[in-house]
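# Chain and residue survey
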Amino acid sequence: MERRGEPALQQSLEFTVENVEKALHQLYYDPNIENKNLAQKWLMQAQVSPQAWHFSWLLLDMDKVPEIQYFGASALHIKISRYWNDIPADQYETLKSQLFSHITRFASGSKIVLTRLCVALASLALNMMPEAWPCAVADMVRMFQSEDSNIDGRSRCLALLELLTVLPEEFQTSRLPQYRKGQVRGVLAQECSSVFPLLDQLLQQQDSPSFIKQKVLKCFSSWVQLEIPLMECENLIQAAFTSLRDPELFDTAVEAIVNAISQPDAQRYVNTLLKLIPPVLGLQEQLRQAVQSRDMETSHGICRIAVALGENHSRALLDQVDHWQSFLALVNMIMFCTGIPGHYPVNETTSSLTLTFWYTLQDDILSFEPEKQAMYQQVYRPVYFQLVDVLLHKAQFPSDEEYSCWSSDEKEQFRIYRVDISDTLMYVYEMLGAELLSSLYDKLGRLLTNTEQPMSWQHTEALLYGFQSIAETIDVNYSDVVPGLIGLIPHISISNVQLADTVMFTIGALSEWLADHPVMINNVLPLVLQALGNPELSISSVSTLKKICRECKYDLPPYAANIVAVSQDVLMKQIHKTSQCMWLMQALGFLLSALQVEEILKNLHSLITPYIQQLEKLADEMPNPSNKLAIIHILGLLSNLFTTLDISHHDDDHESTEVKKLPVPQGPNPVVVVLQQVFQLIQKVLSKWLNDAQVVESVCSIFEKSVKTLLDDFAPMVPQLCEMLGQMYSTIPQASAIDLTKQLVHIFAHEPAHFPPIKALFLLVTSVTLTLFQQGPRDHPDIVDSFMQLLAQALKRKPDLFLCSSLDVKAVFHCGVISLKFPEAPTVKSACGFFTELLPRCGEISPVGQVVHENGKMLLQAVLEGIGGQASRNLMDQLAEILFALNKHCFSYLSIWIKEVMQQDGFPSARVTPEQKEIFSQQILRERVNKRRVKDMVKEFTLLCRGLHGTEYTADY
């Protein structure tokens, strides 16, 4: 054994028993982590070495410690499972008998070693059956049942059960080829006739101890996953139901029953499924007692069984119309589980298991032919009305005292649970239709007008939540109960944050309805404006105001002054977090869009002036972290306001008469007016913060959002913005400036009036970036990425830019080739986009044609390197598009280049032969029409180059 201070294990040591033991000692006991890692590496090599056949058996000596024995057993399993083809057929029998005798020996020894030996024998059996070992399972059973005086029957029985349990598990993870997998699965399914009677006998025996029965149930659980016909499992499933009464066996029995019922093939055995309903219903008493005594484990397990039967087989069981009552009884049992008392997830965790069942049952009922559907609708509509009551009861918040004791994790789980209930209710609407909304409205009305009983806010909140769940996704514009609901909302006495939140979200969900019924806006708008002042209602109130301003903007002018005043007030008081402030600005943008131009300007003036004053102050200060945050915040507010302030109604799909009545605005766009006023101030801020990527990004964002929203209206700003961008980019190049340049090229480059400043900016950005490439672009993958996108956009919108004498097309081409070799996938993707735009222009733009003809071979080389293994496999489609474009637009050159580059030894990968390269080249050259085919060829070739062809790693292709 190695003592501290001795040298660590040599990687070149022979794989002998002594050395393996030394390495294991080092792995387990050496405090030095590097030595541990070395030992582990060496041991992995030892396990797969030819010598493993020799040392494994010696390590299994009964005198050795379990860690050493375990390594020996593991090495045997690895050799058998991964290197089966290395084992000569005449060794099979010896190997089999050796494993049997070792398993017998370890039956009363170390459990972990026994399991590993069983896994090794299981692997051997799977590889040998059916030809070389036709009755493997029957043989195993026989071997362990034969009397052997050295070992007591109980240990033998446990060893056999361990072996039978790991056999199907080993099958599921084995590396057998697909055709063998099907063949072996079939053999195993037949062999269960040797296993099940034994398991059955052991479960029925009165004197079988608990641990044996537990092992039997585990073994059965393992076998049913081999798609064994359900009728053959009947006896064992019934025996498992009996075992549920024994608390020690309960969990294992639940697992076995659920696995048996859930196998996909089970629905073919309808008679067996029908036989399973009575024993499941027979668990109701045990379930009730468990619920009464707060035994969550038992109620959870029984619920799993009921749901497994109902959810997996509702279609098959509904088909048996004669048995509709017994299935209805099962549905009612599941309803009991849905409504199990207690608050999820604190006092119960069972109800959530049932939600998917209700989707499935509804889908199955609605998929029947009309006659059967009508019959089942009659039976199940009352059930679904009951379900709504149960779900809304489960969605109720606990008392305030109780809720305040919940952990944040429990509150979050409860929130997600309510979202699941909300989705279920929305789904149930399909079954129950408008009647569902009427029933919710009636209950809410009764609740709010009942003066007799004191009302709990939880009850009101849950009913509103149900309403909101449906209104959020289903068009309730034709519902006759919404006017009544809007009338009720102001009468809700809001004493609590959760209730207030739900009231807000309900108003938000009805914003489209309000747009069609503007006379009702005044009923709810004051509530929303009041809630804006409460930081606890930040998300719900701001998002609701935003929805109302977006949907109802043409009906809001009478309320605009009030909305702006309240919003300004809460913004100044800094009640909301940054993201809600941004949403609020977007809401105001929608609101202002519908006003007359002078009104917009007036409101903008009062809204923005305080921020401009703040920004002027900040622009004079020395840069520091706190004023940086303030600057970014103000720029963000402006940018979000300009995102939605759109008086040309680009974003309107409203074809209503109100839009048409709006006068066409005269004079400059209000956003442009404001931008021109603050332009110098923004330049001043920039001059101090040019080094800061976040500030530069915030400035660019204002203009980018404005350009996107205003489109042509932005034109007056183009010259000064181009000039500012040029100065910014020349001082310190940043990706956000290129992105904004790309936006300007996209919108204005093809308009003659704006072409000169855009062209000047494009040439400036290009020459600065080319300089950056000369200095070494590796540290700026984001700039390279954006630059490639800019070049592609220029080629798309205004290819003439590549005719400018001052544009060095050759240098740009070289930059593209360098970008193809970047490790960052997005950058490579953008470079591919540039070349797929560039190559089709070879004919029409002579500088491009000339550069491609002189340097195309270099591009081809880079593309093939990427395919050969340099680039991520996810980029193969993009690289294939370059090959396709080369073939289409430079065919005569490509046929020469591909021959030349493929002649290089080991290119593009040492793994492909000259024949494979030749076949690939010919395939590419032949395919000039079908891009999809070229992509498939490239994927095939890249797998060959990476040595992955035909391996499990190709599965995602």
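Look up a bit, the structure's there.
Cut-offs and rules
Residues numbered from 1 in each chain as written. Predicted model: local features only at pLDDT ≥ 70, side-chain atom pairs only at ≥ 80, totals over all residues. Heavy atoms only, no water. Helix = DSSP H or I, 4+ residues; strand = E, 2+ residues; numbered from the N terminus. Buried < 20%, exposed > 50% of the residue type's maximum accessible area, 1.4 Å probe, protein only. Contact = heavy atoms within 4.5 Å. Areas by Shrake-Rupley, 256 points an atom, 1.4 Å probe, with all protein chains shown as cover. Lys, Arg positive; Asp, Glu negative; His and termini not counted. Charge placed at Lys NZ, Arg CZ, Asp CG, Glu CD. Expected span 1.5 Å × (residues − 1). Bend = angle between axes of the 7 residues up to and from the residue. Polar contact = N/O pair within 3.5 Å; in protein donor to acceptor, adjacent residues only side chain to side chain. Phe/Tyr/Trp six-rings, centres within 6.5 Å; stacked < 30°, edge-to-face > 60°. Lys NZ or Arg CZ within 6 Å of the ring centre and 35° of its normal. Salt bridge = Lys/Arg side-chain N within 4 Å of Asp/Glu carboxyl O. 1 Å grid on protein atoms, 1.4 Å probe; cavity = no way out; pocket = protein on both sides within 12 Å on 5 of 7 lines; lining within 4 Å. Points joined across faces, edges and corners; volume = space filled by probe spheres on them. Nonpolar A, V, L, I, M, F, W, Y, C, P; charged D, E, K, R; others polar. Core = buried A, V, L, I, M, F, W, Y, C linked by side-chain atoms within 4.5 Å.

### Section: the overall build of the chain
Of regular secondary structure, the chain possesses 45 helices and zero strands. Along the first, second and third principal axes, the C-alpha set of the chain runs to 105 × 90 × 65 Å. Sorting the 957 residues of the chain into buried and exposed places 55% on the buried side. Counting contacts in the chain only where the partners sit at least 6 residues apart, residues at least 24 apart contribute 74% of the total. Accessible surface for the chain amounts to roughly 42,800 Å². Of this, 51% is attributable to carbon and sulfur atoms. One way to put it: in the chain the 76 positive side-chain charges average out to a point 5 Å from where the 107 negative ones average out.

### What to know about helix α33 (residues 670-689)
Taking 1.5 Å of rise per residue, the 20 residues of α33 would be expected to cover 28 Å, and the 27 Å separating its terminal C-alpha atoms lies within 8% of that figure. When the local axis directions of α33 are compared, the greatest deviation, roughly 45 degrees, occurs at V678. The distance from a side-chain oxygen at the start of α33 to the backbone nitrogen of V671 is 2.8 Å, and the residue carrying that oxygen is N669.

### Regarding the packing of aromatic side chains
Using the criterion set out here, one finds 26 aromatic pairs in the structure. When the centroid spacing of 5.5 Å and the interplanar angle of 55 degrees are considered together, the rings of Y403 and W406 count as tilted. We note that Y403, like W406, is buried. Taken together, the ring pairs connect Y344, F397, Y403, W406, F414, Y417 and W457 into an aromatic cluster. When the ring centre of F171 is taken as reference, the NZ or CZ atom of K181 above it lies at 5.5 Å. Residue placement shows K411 over the ring face of Y403; its charged tip is 4.8 Å from the ring centre.

### Notes on the pattern of salt bridges
Summed over the entire model, instances satisfying the criterion amount to 32 salt bridges. Of the charged contacts, one joins E412 and R415 as a salt bridge, the two residues approaching to 2.9 Å between their closest N and O atoms. Placement of the pair is E412 and R415 together in helix α20 (residues 408-432), with a separation of three residues, close to one helical turn. Several salt bridges share partner residues, and in doing so they unite K111, E162 and K215 into one network.

### Overview of helix α16 (residues 324-338)
The end-to-end C-alpha distance of α16 is 21 Å, a good match for the 21 Å that 15 residues give at a rise of 1.5 Å each. Along α16, the residues classified as buried are F327, L328, L330, V331, M333, I334, M335, C337 and T338. Elements that come into contact with the buried residues of α16 comprise α13 (270-281), α14 (284-292), α15 (296-319), α17 (355-366) and α18 (370-394).

### Let's talk about the side chain of S511
Mapping S511 onto the fold places it in helix α25 (residues 511-516). Judged by its relative accessible area of 4%, S511 is buried. Aside from chain neighbours lying at most four places away, what touches S511 is K547, I548, E551 and C552.

### Here we look at unusual backbone geometry
The omega torsion of the bond from M129 to P130 falls at 0 degrees, within 30 degrees of zero and hence cis. Relative to the assigned elements, P130 resides in the loop between α6 (111-128) and α7 (136-145). Of note, the amide linkage connecting Y344 to P345 takes the cis form, showing an omega dihedral of -5 degrees. Topologically, P345 is positioned in the loop between α16 and α17. If you check the backbone angles, E227 has positive phi at about 60 degrees while not being a glycine. As for its placement among the helices and strands, E227 is situated in the loop between α10 (210-224) and α11 (230-243). Assessed through its relative accessible area of 40%, E227 is described here as partly exposed. One non-glycine residue, L711, lies in the positive phi region at around 50 degrees. If you trace the backbone, L711 turns up in the loop between α34 (693-710) and α35 (718-731).

### Notes on the side chain of S909
Counting through the fold element by element, S909 comes out in the loop between α43 (891-902) and α44 (914-926). A polar side-chain atom of S909 sits 2.7 Å from the main-chain carbonyl oxygen of C945. When residues no more than four places from it in sequence are discounted, the contact partners of S909 are G868 and C945.

### A word on the layout of surface pockets
Counted as a void, the largest pocket has a volume near 480 Å³. In this structure, the largest pocket is lined by 18 residues; those nearest its centre are F397, R415, R418, D501 and F505. Counting only elements with at least two residues in the lining of the largest pocket, the list comes to α20, α22 (457-473) and α24 (497-509). Per-element accounting of the lining of the largest pocket gives the leading share, six residues, to α20. Split into classes, the residues belonging to the lining of the largest pocket amount to seven nonpolar, five polar and six charged. The space that makes up the second largest pocket amounts to roughly 410 Å³. S81, R82, N127, R175 and L176 are the residues nearest the centre of the second largest pocket, which is lined by 17 residues in total. Broken down by secondary-structure element, the contributors of at least two residues to the lining of the second largest pocket are α4 (66-82), α6, α8 (153-173) and α9 (178-204). At four residues, the largest contribution of residues to the lining of the second largest pocket is made by α4. Per-class residue counts for the lining of the second largest pocket are six nonpolar, seven polar and four charged.

### Structural notes on the nonpolar core
Residues W223, Y380, F703, F714, F802 and L820 are the most contacted members of the largest nonpolar core, which totals 333 residues. At 12 residues, the largest contribution of residues to this core is made by α6. Contacts of Y380, omitting those with residues within four sequence positions, involve L318, F327, L328, V331, L361, I365 and M431. Residues A23, W42, L43 and F71 belong to the second largest nonpolar core, which totals 13 residues.

### Side note on the environment of A75
You can see A75 is positioned in helix α4. Residues A75 and V48, spaced 27 residues apart in sequence, show a C-alpha to C-alpha distance of 7.3 Å. Apart from residues no more than four positions distant in its own chain, A75 is found in contact with Q47 and S56.

Read these as spatial facts, not as claims about activity.
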